[in-house]
Amino acid sequence: MQRRSFLKASAATVATLAAPSVLSAATQKLKIGTYGGYFQESFDKYIHPDFTAATGIEVESIAEPTGEAWLVQLSQAARAGRAPADVSMMAQLPRLKGERAGLWAPLDESKVSNLGNLPDHFVHRYEDGKVYGTGAVSWYITLVTNTDTYAEAPSSWTALWDPANADKLGLMSLATNSFLLEVTATTYFGGTDILKTDDGVLQVMGKLAEVKPNVRLWYRDEGQFQQALETGEIPMGQYYHDVTGLAASQGKPVRSTFPDEGAVLDSGSWVVSKASKVIEPAQVFIDYMAQPDVQAKLSRFVGTAPTVSRELTDLTDEEFAAVSSDKTPILPLYDIYVDRGDWINQMWSEKITG
Amino acid sequence: MTDMPSQTAAPRWLGLWPAAMLTLFFLAPFGIMLAVSVAHRDVSGFYEWGFEWDSYARFLSVFFAKVMAVSLSVSLAAAAICVLLGFPFTVFLSAMGHTAQTRILVVLLSVLALSEVIIGFSLSTLLSQTAGIGNLFHWLGLIPEPRAYTPSLFALIAGLCYIGFPFAVLVLYPPVSRLDPELIEAARVMGASGPRAFFGVIIPNLRGAIVGAFILVFVFTLGSYLLPQLLGRSEHWTLSVHITDQAIYQSNLPFAAAMSVFLMLVALALVGLASLAGRERGAA
């Protein structure tokens, strides 16, 4: 008993010395949610210990389910005044849905001094201008090929439509994870603006439907496509840049190409549940994660693209190329999937995968 | 009624136990599913309790009619193939020695221990262009170039049959092994040929078991949602795949629940028809 209370007291003292502003929360751990598995392991290993050392804030790591299940759990819990995690990493769609429902706690902009490091699309605001979240990690979806089948790398997304590639493609099966509507719009319609009307969406789907004879697999399971890509069974498709690079570095005959039209830049963001009782340390964490050297560390050890601009980081050319590119990215129009998601998904099932 | 002590080994109230379990683990979840299917879809990721037919109305479209037709025909085909293969197999099996029978049944049972994921991945490798049987056929000179047999309807049905076959045999085995050999002998003595005895005596006698095996494989494969994704093309995605999409990826639980209710009703109707047919002709 005595020993335990001594430990508690000394932990509190250390925390107090290191971060006086979070005195009230020193005894309460900050619960940080990241996707269970690879992400959680990486954060437990490379990020959380350094964060605690730097700020004195103890972290309890929470495994989030993927998909929108976590959003549902957070909103149910918030109704009961509980927060299963204080800070959560959310994909953009559930992040936006939470914004519409007012689920995220507004943050004090003056306490997040590193906010200026982030580009606008990684600073999330409510309509009244209050900041409630920041870009956490981002990753690219690129055009990937098997190097045995394709001696030369394709340079454009138009390769997907090439009749020479009949029955050779593996593409992601959902509108909301493949972002092929944005790719098609950028490649053939001069940009993603056309997707802002229903007619435009149907026009783009009509163009995208032309790839169907080339598609052998509409995949939900990443492992299935990666295996097929490595063996050459399905020699072309869309996939994650960092994972493909990792496979190539292990001697697998695969390559990832940033097409001329740009690769898809998808991301996850930090948000704080409005039911959280420890908003202040949560802000400290969000601020900490927006530092260029922390983003560089993520790129090196977790394989994500930095959310801050490249010049701020000390990444070498090689390190940067492993996770990102200077080419203008294709940014998904997440809003359309929140506003017209059911309709787009239904049309997608009927016209693209159906 | 009487004061005599009960003759049964177990007290009567013990029958309440299965009833309670059935309520707890079947009826209650089913009730929740029914309630969710008429709930109001909230686009921000969940649903609000209510009563509306929207989810059912959305299902009534040409697209989902097509998907339902794919689901039913794939499962019916798998069930038919499993019974067609399983019945003669079981008849031969029951004629074997005791040790051989046990060994074969153990092998069949062990297939049930494999998960759908393992079966799907194994079959997709086996039927692939780079590492599959196409290479063997090419080596034997049967085909000019190694080719892939997956994803295709053939691969999907093969996968479903792999899963369904042991069930068909296990349902057929007890009645087949109990079939009185004197029945066939009698038929042969009366002058029936081998095939005539098989189709005229064995099959009518085992109609109930055959229909049972057919229904079991049909219902079992109807719920398969992994194999259509791993082995089929997108036009072979079954209703179960679309239910998974709605429930997991689009968090539209009311629509997913409504589709499940539809699927269950259609399956129940078919099962009812099949068992009716089996019984009437059996009695005739």
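By convention here, each chain's residues receive numbers from 1 onward along its written sequence. Working convention: letters from A go to chains and numbers from 1 go to ligands, in the order in which they are written. Reporting in this predicted model follows two pLDDT cut-offs: at least 70 for local features of residues, and 80 or more for side-chain atom pairs to be given and counted; totals over whole chains, interfaces and linings ignore these cut-offs and use all residues.

Participant: Quick rundown of the overall build of chain A? Include the residues and the values.
Facilitator: The secondary structure listing takes helices from DSSP runs of H or I that are at least 4 residues long and strands from runs of E that are at least 2 residues long, numbered from the N terminus. Along the backbone of chain A there are 14 helices and ten strands. For 354 residues, the compact-globule estimate of 2.2 N^0.38 gives 20 Å, and the C-alpha radius of gyration of chain A, at 22 Å, lies within 12% of that figure. The C-alpha extent of chain A, read off along each of the three principal axes, is 75 × 45 × 35 Å. We call two residues in contact if the C-beta atoms placed from their backbones are at most 7 Å apart. Long-range pairs, those at least 24 residues apart, make up 73% of the contacts in chain A between residues at least 6 apart in sequence. In this setup the radius of gyration rests on C-alpha atoms only. A globule is expected at 2.2 Å times the number of residues raised to 0.38.

Participant: Mind laying out the overall build of chain B, listing which residues take part and the relevant values?
Facilitator: The helix and strand tally for chain B stands at 13 helices and two strands. Since a compact globule built from 284 residues should have a radius of gyration of about 19 Å, the 24 Å found for chain B marks it as more spread out than a globular shape. Buried, partly exposed and exposed are defined by the number of other C-beta atoms within 10 Å of a residue's own C-beta, namely 20 or more, between the two limits, and 12 or fewer respectively, with C-beta atoms placed from the backbone. Classification of the 284 residues of chain B by burial places 31% in the buried group. Within chain B, contacts between residues at least 6 apart in sequence are counted, and of these 68% link residues at least 24 apart.

Participant: Please provide a residue-by-residue account of the interface of chain B and chain A, values included.
Facilitator: Each partner contributes residues to the interface: chain B has 20 residues there, and chain A has 25 residues. Those elements that provide at least two residues to the side of chain B that touches chain A are helix H11 (227-231) and helix H12 (239-249) of chain B. Partitioning the side of chain B that touches chain A into residue classes produces nine nonpolar, ten polar and one charged. For this classification, the nonpolar set comprises Ala, Val, Leu, Ile, Met, Phe, Trp, Tyr, Cys and Pro, the charged set comprises Asp, Glu, Lys and Arg, and every other residue, Gly included, is treated as polar.

Participant: Give a description of the domain arrangement of chain A that names residues and reports values.
Facilitator: All names here are of chain A. Residue ranges for the domains originate in an automatic or database domain assignment. As far as domains go, chain A holds domain 1 (2-138 + 267-323) and domain 2 (139-265 + 327-353). Distance between the C-alpha centres of domain 1 and domain 2: 30 Å. Taken together, the elements giving at least two residues each to the side of domain 1 that touches domain 2 come down to helix H4 (92-100), strand S5 (131-146) and helix H12 (317-323). Top element by residues in the side of domain 1 that touches domain 2 is H4. It accounts for five residues.

Participant: Any chance you could break down the pairing of strand S2 (residues 59-64) of chain A for me, citing the residues and the numbers?
Facilitator: On a regular strand, one side chain projects to one face of the sheet and the next to the other, so that they alternate. All names here are of chain A. A pair of strands is considered paired only if DSSP assigns at least 2 bridges between the two. Of the strand pairs in this sheet, strand S1 (residues 30-35) and S2 are connected by six bridges, and their pairing is parallel. Looking at the pairing, glycine 33 lines up with isoleucine 62 of S2. For a crossover, the right-handed case is the one in which the path from the first strand over the helix to the second runs clockwise, viewed with the strands pointing away from the viewer. With helix H2 (residues 38-55) bridging S1 and its parallel neighbour S2, the resulting β-α-β unit is right-handed.

Participant: Can you break down helix H7 (residues 198-208) of chain A residue by residue, with the values?
Facilitator: Residues and elements named next belong to chain A. Listing the buried residues of H7 in full gives Val201, Val204, Met205 and Leu208. Taken end-on, H7 shows its buried residues confined to a sector of 105 degrees, consistent with a single buried face. In H7, those exposed residues whose orientation departs by more than 90 degrees from the buried face are Asp199, Leu202 and Gly206. Tucked inside the fold, the buried residues of H7 contact helix H6 (180-188) and helix H14 (341-353). What the arc covers is the set of directions going from the helix axis to the C-beta atoms.

Participant: Please give an account of the pairing of strand S6 (residues 169-172) of chain A that cites residues and values.
Facilitator: All names here are of chain A. A two-sided burial pattern is seen for S6, the buried positions comprising Leu169 and Leu171 on one face and Gly170 and Met172 on the other. Where S6 lies against strand S7 (residues 215-219), four bridges are found, and the strand directions are parallel. Residue pairing in the sheet places methionine 172 in a bridge with tyrosine 219 of S7. Here S6 pairs with strand S8 (residues 236-240) via two bridges, running parallel. The residue of S8 that forms the bridge with glycine 170 is glycine 237.

Participant: Quick one: what's the story with the environment of B:Gly159, residue by residue and with numbers?
Facilitator: Residue and element names in this part refer to chain B. Summarising the element assignment, glycine 159 is placed in helix H7 (residues 153-178). Among the residues examined, glycine 159 registers 27 C-beta atoms within 10 Å and is labelled buried. Residues glycine 159 and glycine 232 lie 73 residues apart in sequence; the distance between their C-alpha atoms is 9.8 Å. Contact partners of glycine 159, with chain neighbours within four places excluded, come to Ile119, Gly120, Leu123, Leu227 and Leu231.

Participant: So, unusual backbone geometry: which residues are in play, and what are the values?
Facilitator: Excluding glycine, residues mostly have negative phi values, and the peptide bonds linking residues are mostly trans. Looking along the chain, the bond that leaves B:Thr150 and enters B:Pro151 is cis, with omega of -5 degrees. Relative to the elements of secondary structure, B:Pro151 occurs in the loop between helix H6 (133-139) and H7. Positive phi, normally seen in glycine, also occurs at A:Asp167, with a value near 60 degrees. Take A:Asp167: it is sitting in the loop between S5 and S6. With a phi angle near 50 degrees, A:Phe179 is a residue other than glycine that sits in the positive phi range. Relative to the helices and strands, A:Phe179 resides in the loop between helix H5 (175-178) and H6. Its 25 C-beta neighbours within 10 Å are what place A:Phe179 among the buried residues.

Participant: Help me get a handle on the confidence of the model for chain B, residues and values and all.
Facilitator: Here pLDDT means the predictor's own confidence in every residue, given as a number from 0 to 100. This prediction gives chain B a mean pLDDT of 88; 94% of its residues lie at or above 70. The ipTM, which scores confidence in the relative placement of chains, is 0.82 for this predicted complex, and the corresponding pTM is 0.85.

Participant: Break down the packing of H6(A) against H7(A) for me, citing the residues and quoting the values.
Facilitator: All names here are of chain A. Packing of H6 against H7 brings their axes to within 9 Å, and their N-to-C directions diverge by 85 degrees. Put simply, H6 runs roughly perpendicular to H7. Counting all contacts with H6, which are made through Leu180, Leu181, Thr184, Ala185 and Tyr188, the residues of H7 involved are Val201, Val204, Lys207 and Leu208. Broken down by class, the residue content of the contact of H6 with H7 amounts to seven nonpolar, one polar and one charged. All axes here are fitted lines through C-alpha atoms, helices being fitted over the stretch that makes contact, and every angle between N-to-C directions spans 0 to 180 degrees. With respect to orientation, any angle under 35 degrees is reported as roughly parallel, any angle over 145 as roughly antiparallel, any angle of 65 to 115 as roughly perpendicular, and every other angle as oblique.

Participant: Quick rundown of the packing of helix H5 (residues 116-126) of chain B against H7(B)? Include the residues and the values.
Facilitator: Residues and elements named next belong to chain B. Two numbers describe how H5 lies on H7: the axes approach to 10 Å, and their chain directions differ by 140 degrees. By the angle between their directions, the pair H5 and H7 is classed as oblique. Of the two elements, H5 crosses H7, and the hand of that crossing is right-handed. Side by side, H5 and H7 meet where Glu116, Ile119, Gly120 and Leu123 of the first sit next to Ala155, Ala158, Gly159, Tyr162 and Ile163 of the second. The residue inventory of the contact of H5 with H7, partitioned by class, reads six nonpolar, two polar and one charged. Crossing handedness: left-handed means the near helix sits turned counterclockwise from the far one by under a right angle, and right-handed means the same turn made clockwise.

Participant: Lay out H12(B) with the relevant residues and their values.
Facilitator: Along H12(B), the residues classified as buried are B:Leu239, B:Ser240, B:Val241, B:His242, B:Ile243, B:Asp245 and B:Gln246. Immediately downstream of H12(B), the backbone of B:Ser251 shows phi near 35 degrees, a positive value.

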